[in-house]
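# Per-entry structural report
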Amino acid sequence: GAVVSQHPSWVICKSGTSVKIECRSLDFQATTMFWYRQFPKQSLMLMATSNEGSKATYEQGVEKDKFLINHASLTLSTLTVTSAHPEDSSFYICSARVGAGEGYTFGSGTRLTVV
Amino acid sequence: QKEVEQDPGPLSVPEGAIVSLNCTYSNSAFQYFMWYRQYSRKGPELLMYTYSSGNKEDGRFTAQVDKSSKYISLFIRDSQPSDSATYLCAMSAGNTPLVFGKGTRLSVIA
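We now turn to the structure provided with this report. On a predicted model such as this, the values are computed, not experimentally measured, just so you know.

## Here we look at the overall build of chain B
A tally of helices and strands in chain B yields zero helices and 11 strands. When its helices and strands are written in sequence order, chain B yields β-β-β-β-β-β-β-β-β-β-β. The C-alpha radius of gyration computed for chain B amounts to 13 Å, which stays within 12% of the reference 13 Å derived for 110 residues, consistent with globular compactness. For chain B, the spread of C-alpha atoms along the principal axes amounts to about 40 × 25 × 25 Å. Evaluated residue by residue, chain B yields a buried proportion of 45% over its 110 residues.

As structure tokens, this is what we get:
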């Protein structure tokens, strides 16, 4: 089936540094990529929707200058957490719709810990 | 009222039991309905995908959608300890972001 490869799977960084998370669609073209954040024992919260070649659409309350999203190609979308702080520690997951009549497939997630 | 309601559980059943998981929703525009399984610290894994109303079966899993009642279900037959996970219902009106339920934590006890 369609696969979205997400890297890294986990990362620890110091406060004030930036972290980049990559999601690649391996065997299909992801025109649209969705980025989610998930806190322990909670459901997924949509952060932003990115479309290839255009600016991302952010959900209310999500700081677009902190969470930079780039979707430069049909197979690659990146999320950069800039000037990370401990409260940014969370599980970040990307998702893409495989195609008409198909479901949405998810990356394996990135656990970010900011110390 | 939230767009998608799902009982968070936890739900604990003995091995071999039939598990019934449900979600209700309020947005009549939803047409695509999905069930995901999520193990701890992993991304959600698509289990079932259904368009509009009806039933769909895949192995031990059966998904049902009743659009008239705005109610969807996932049945797991002959449940196994490896089925222990969080199950998320999700739905969409089209090429739009998924709207998730809160997820139901399931434990299947050997």
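## Overview of the state of the cysteines
Here the structure, examined in full by the defined rule, presents two disulfides over all chains. The disulfide partner of Cys23(A) is Cys94(A), and the gap between their sulfur atoms is 1.8 Å. In this structure the cystine formed by Cys23(A) and Cys94(A) twists about its S-S bond by roughly -95 degrees; its chirality is therefore left-handed. Of the two residues, Cys23(A) is situated in strand E3 (residues 19–25) and Cys94(A) in strand E9 (residues 90–97); the sequence distance between them amounts to 71 residues. Residue class for Cys23(A) comes out buried when judged on its relative accessible area of 0%. With a relative accessible area of 0%, Cys94(A) lands in the buried category. Each disulfide pairs two cysteine sulfurs, and for Cys23(B) the partner residue is Cys89(B), the sulfurs being separated by 2.0 Å. Disulfide Cys23(B)-Cys89(B): torsion about the S-S bond near -100 degrees, hence left-handed. Of this pair, Cys23(B) sits in strand E3 (residues 19–25) while Cys89(B) sits in strand E9 (residues 85–92), and the two are 66 residues apart along the sequence. Side by side, Cys23(B) and Cys89(B) carry an identical accessibility label, which is buried. You can see Cys13(A) has no disulfide; the closest cysteine sulfur is in Cys23(A), sitting 17 Å from it.

## So, the interface of chain A and chain B
Between chain A and chain B, the contact holds 20 residues from the first and 20 residues from the second. Counting each side, the surface lost to burial between chain A and chain B is near 1600 Å², with a carbon and sulfur contribution of 58%. If you sort the residues of chain A by the area they bury against chain B, Arg97(A), Tyr104(A) and Phe106(A) come out on top, with a joint share of 34%. One can count five residue pairs in polar contact (both at pLDDT 80 or more) joining chain A with chain B.

## Observations regarding the pairing of strand E4 (residues 32–38) of chain B
Residue and element names in this part refer to chain B. Burial of E4 is extensive: seven of the seven residues sit out of reach of the surface. Where burial is concerned, the two faces of E4 agree: the one with Tyr32, Met34, Tyr36 and Gln38 and the one with Phe33, Trp35 and Arg37 are both buried. Bridge count for E4 against strand E5 (residues 45–51) is six bridges, and the pairing is antiparallel. Following the sheet pairing, tyrosine 36 is matched in E5 by leucine 46. Once E4 ends, the chain turns through six residues before running back antiparallel as E5, passing arginine 41 with a positive phi of about 65 degrees. When E4 meets E9, the two strands line up antiparallel, connected through seven bridges. The residue bridging arginine 37 from the neighbouring strand is tyrosine 87, located in E9.

Rules of the game
- Residues numbered from 1 in each chain as written.
- Chains lettered and ligands numbered in written order.
- Predicted model: local features only at pLDDT ≥ 70, side-chain atom pairs only at ≥ 80, totals over all residues.
- Heavy atoms only, no water.
- Helix = DSSP H or I, 4+ residues; strand = E, 2+ residues; numbered from the N terminus.
- Rg over C-alpha atoms; globule rule 2.2 N^0.38 Å.
- Buried < 20%, exposed > 50% of the residue type's maximum accessible area, 1.4 Å probe, protein only.
- Disulfide = S-S within 2.5 Å.
- Contact = heavy atoms within 4.5 Å.
- Buried area = accessible area lost by both parts, 1.4 Å probe.
- Polar contact = N/O pair within 3.5 Å; in protein donor to acceptor, adjacent residues only side chain to side chain.
- Pairing = 2+ DSSP bridges.

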